[in-house]
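Residue-level listing of the chains:
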Amino acid sequence: MHLKIALLEGDGIGPEVVQQSVKCLRAIEDLFGHSFQFTQAPVGARAIALHDNPLPQQTLDLCQQSDAILFGAIGSLEYDQDPNAKIRPEQGLLKLRKELALFANIRPIKMFSALSANSPIKESVVKGVDLVIFRELLGGSYFSEKTVSQDLRHATDLNEYSEGHISRIAHLAFKAAKKRKKKITLADKANVLETPRLWRRTVMGIAESYPDVQLDCQFIDNVTYQLVTDPKQFDVILTDNMFGDVLNNLGSVIIGSNAILPSASIGGENAMFEPVHGSYPQAAGKNVANPVASILSAVLLLQHFGLEEEADALMIAVIKSFQKKIVTPDILGSSDYGTDYVGDFIASNIEDADEVPTMNMENIGLGKSTII
Ligand code: IPM
Ligand code: MN
């Protein structure tokens, strides 16, 4: 298969982790006879520094001409500490989502056996967790009308949704649930707010066309509690843009690290794959950042294009790195393996088929996409 892949490495640790994914995809390319064409373009704070624009036109053009985008991270301390900055790195990511019509953000939260002791939550609670969050990505307060008074002492963010926005992601979530444990939890705040009631009406209506999928509607405050105390009850969680942003990070807590979780943003003609973690500017260039979230984003990319064997081969190599403790210090304090070393280990173990029977296969969806 020939794929054009845009590399938007972005800020902070973005470039060094994306480079590890590129190594892995190069190894897949050789082993399975594909051709991946990588092209880089600036985004975020780096693009502001270069072009005064967090998403320069040539970056957007490249993304539109590519099949997929591997995104690194966005954000810089300079802007985080300045709430009055008019141009912000994050605007680049939001514009990209909008221009590419990426309305669904999909984040699988699956516990790896080798890491279940790392969670701050009891091992018995998190062992075996396997859920996926479907976050609506183009509506709600992120993209609705905003105001700020001239004296900067009053501000509003409208939270707007229409049935169409809700139903397109709901259908994706129901289709995913059909292939998984057949359960959807809608996380909302329908006891207080009007837009969540629209979500509930719409999703309940759609549920009628998926009779084999069980729909469970829960209030978002309860979902946060349940996610920590009993995460195994969840299969697919469907939620809006803002609640999804928050729930996603709670998902990282279950796993015990936000440095290993990937995500896929889909919906339009192009699809984007990115780690869940931020730009971690304090670690940039120090070769200590964990590349696994980026590498697992490459696994999602392969699955998205139906390259299941390739995705499984890469996933197995990642699991092997956990089992052999070839991990960065955020996973194992006593480890002194760097970003590059872990990336090299994973890339060079992709074809190691001999080891496969000794692997713990429970975490690998062999032949099954974990996305949809
Ligand atoms: C995320 C991030 C983004 C968001 C920011 C960087 C705009 O936190 O992808 O979760 O809020 O959606
Ligand atoms: Mn977020």
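Residues numbered from 1 in each chain as written. Chains lettered and ligands numbered in written order. Predicted model: local features only at pLDDT ≥ 70, side-chain atom pairs only at ≥ 80, totals over all residues. Heavy atoms only, no water.

Further remarks concern the overall build of the protein chain. For the protein chain, the count of helices and strands is 13 helices and 12 strands. Radius of gyration (C-alpha) of the protein chain: 20 Å, near the 21 Å computed for a compact globule of 372 residues. In terms of principal-axis extent, the alpha carbons of the protein chain reach across some 55 × 50 × 40 Å. For the protein chain, the residues scored as buried account for 57% of the 372 residues in total. Restricting the contact set of the protein chain to residue pairs at least 6 apart, pairs at least 24 apart contribute 76%. (Helix = DSSP H or I, 4+ residues; strand = E, 2+ residues; numbered from the N terminus. Rg over C-alpha atoms; globule rule 2.2 N^0.38 Å. Buried < 20%, exposed > 50% of the residue type's maximum accessible area, 1.4 Å probe, protein only. Contact = heavy atoms within 4.5 Å.)

Quick look at the pattern of salt bridges now. With the rule as written, the count across this model stands at 12 salt bridges. The salt bridge involving Asp235 is made with Arg180; its shortest N-O contact spans 2.8 Å. Separated by 55 residues along the polypeptide, Asp235 in the loop between helix 9 (220-229) and strand 10 (236-239) and Arg180 in the loop between helix 7 (163-179) and strand 8 (183-188) bring together distant segments of the chain. The exposure class of Asp235 is buried, given its relative accessible area of 2%. Salt bridges sharing partners connect three or more residues here, namely Lys23, Asp340 and Asp344. (Salt bridge = Lys/Arg side-chain N within 4 Å of Asp/Glu carboxyl O.)

In the predicted model, the protein chain carries a mean pLDDT of 92, and 94% of its residues have values of at least 70. Note on residues 357-372: pLDDT under 50 across the span, and 44 contacts to partners over four residues away in sequence or across chains. (pLDDT = per-residue confidence, 0-100.)

Around ligand 1 sit Glu90, Leu93, Arg97, Arg135, Tyr142 and Asp245, and those are all the residues in its vicinity. Interatomic distance of 2.8 Å between a side-chain N/O atom of Arg135 and an oxygen atom of ligand 1. One of the side-chain nitrogen or oxygen atoms of Tyr142 is found 2.5 Å away from an oxygen atom of ligand 1. When isolated, ligand 1 has an accessible area of 320 Å², and the protein chains bury 74% of it. Tallied by class, residues from the shell around ligand 1 come to two nonpolar, no polar and four charged. (Near = heavy atom within 4 Å. Polar contact = N/O pair within 3.5 Å; in protein donor to acceptor, adjacent residues only side chain to side chain. Areas by Shrake-Rupley, 256 points an atom, 1.4 Å probe, with all protein chains shown as cover. Nonpolar A, V, L, I, M, F, W, Y, C, P; charged D, E, K, R; others polar.)

A negative phi angle is the norm for most residues apart from glycine, just as the trans form is the norm for most peptide bonds. Phi at Ala101 is positive, roughly 55°, even though this residue is not glycine. Note on placement: Ala101 falls in the loop between helix 5 (89-99) and strand 4 (104-110). The exposure class of Ala101 is partly exposed, given its relative accessible area of 32%. Although it is not a glycine, Leu152 adopts a positive phi angle of roughly 65°. Mapped onto the secondary structure, Leu152 falls in the loop between strand 6 (146-148) and strand 7 (155-157).

With that out of the way, let us pick up the packing of helix 1 (residues 14-32) against helix 12 (residues 308-323). Interaxial distance between helix 1 and helix 12 falls to 11 Å at its minimum, and their mutual angle equals 130°. It follows that helix 1 is oblique to helix 12 by the angle criterion. By crossing handedness, the relation of helix 1 to helix 12 is classed as right-handed. When helix 1 is examined against helix 12, the residues Cys24, Ile28 and Phe32 are found in contact with a partner set consisting of Glu309, Glu310, Ala313 and Leu314. Grouping the amino acids of the contact of helix 1 with helix 12 by side-chain chemistry returns five nonpolar, no polar and two charged. (Axes fitted to C-alpha atoms, helices over the stretch in contact; angles between N-to-C directions. Parallel < 35°, antiparallel > 145°, perpendicular 65-115°, else oblique. Left-handed = near helix turned anticlockwise from the far one by under 90°.)

The biggest cluster of nonpolar side chains holds 92 residues, and the ones touching the most others in it are Phe134, Leu238, Leu314 and Ile346. Other than its neighbours up to four places away in sequence, Leu238 contacts Phe134, Ile169, Ala170, Ala173, Ile184, Thr185, Leu186, Ala187, Trp199 and Val203. Membership of the second largest hydrophobic core comes to 16 residues, among which are Ala6, Cys63, Leu100 and Met272. (Core = buried A, V, L, I, M, F, W, Y, C linked by side-chain atoms within 4.5 Å.)

For the coordinates displayed, the defined rule picks out four aromatic pairs. Measuring from ring centre to ring centre gives 5.2 Å for Tyr161 and Trp199, while their planes differ by 80°; the resulting arrangement is edge-to-face. Here the residue Tyr161 occupies a position in the loop between strand 7 and helix 7, and Trp199 occupies one in helix 8 (residues 194-207), the gap between them amounting to 38 residues. Comparing Tyr161 with Trp199 shows no difference in burial state: the two are buried. Between Phe174 and Tyr210, the ring centres sit 4.9 Å apart and the planes meet at 15°, which makes this aromatic pair stacked. Highlighted residues: Phe174 in helix 7 and Tyr210 in the loop between helix 8 and strand 9 (214-219), separated in sequence by 36 residues. (Phe/Tyr/Trp six-rings, centres within 6.5 Å; stacked < 30°, edge-to-face > 60°.)

Moving on to the sheet that holds strand 10. Taken together, 10 strands build an open sheet; the order of strands is 2-1-3-12-11-4-5-10-8-9 and the sheet is mixed. Each of the sheet's edge strands pairs with one partner strand only, and the pair in question is strand 2 (35-40) and strand 9. Ignoring strand direction, the axes of neighbouring strands in this sheet form an average angle of 25°. Pairing of strand 1 (residues 2-10) with strand 2, which is carried by six bridges, proceeds in the parallel orientation. For Leu7, the partnering residue across the bridge sits in strand 2 and is Gln40. (Pairing = 2+ DSSP bridges.)

What follows covers the pairing of strand 12 (residues 271-275). Successive side chains on a regular strand alternate, one facing one side of the sheet and the next facing the other. Where burial is concerned, most of strand 12 is hidden: five out of the five residues are buried. The side-chain alternation of strand 12 yields two buried faces, one formed by Ala271, Phe273 and Pro275 and the other by Met272 and Glu274. Both strand 3 (residues 68-73) and strand 12 contribute to a ladder of three bridges, which runs parallel. Its bridge partner being in strand 12, Leu70 is matched across the sheet by Phe273. Bridge count between strand 11 (residues 262-266) and strand 12: four bridges; the pairing is antiparallel. Residue pairing across strands places Pro262 opposite Pro275, the latter belonging to strand 12. Between the end of strand 11 and the start of strand 12, which pair antiparallel, lie four residues, with Gly267 showing a positive phi angle near 135°.

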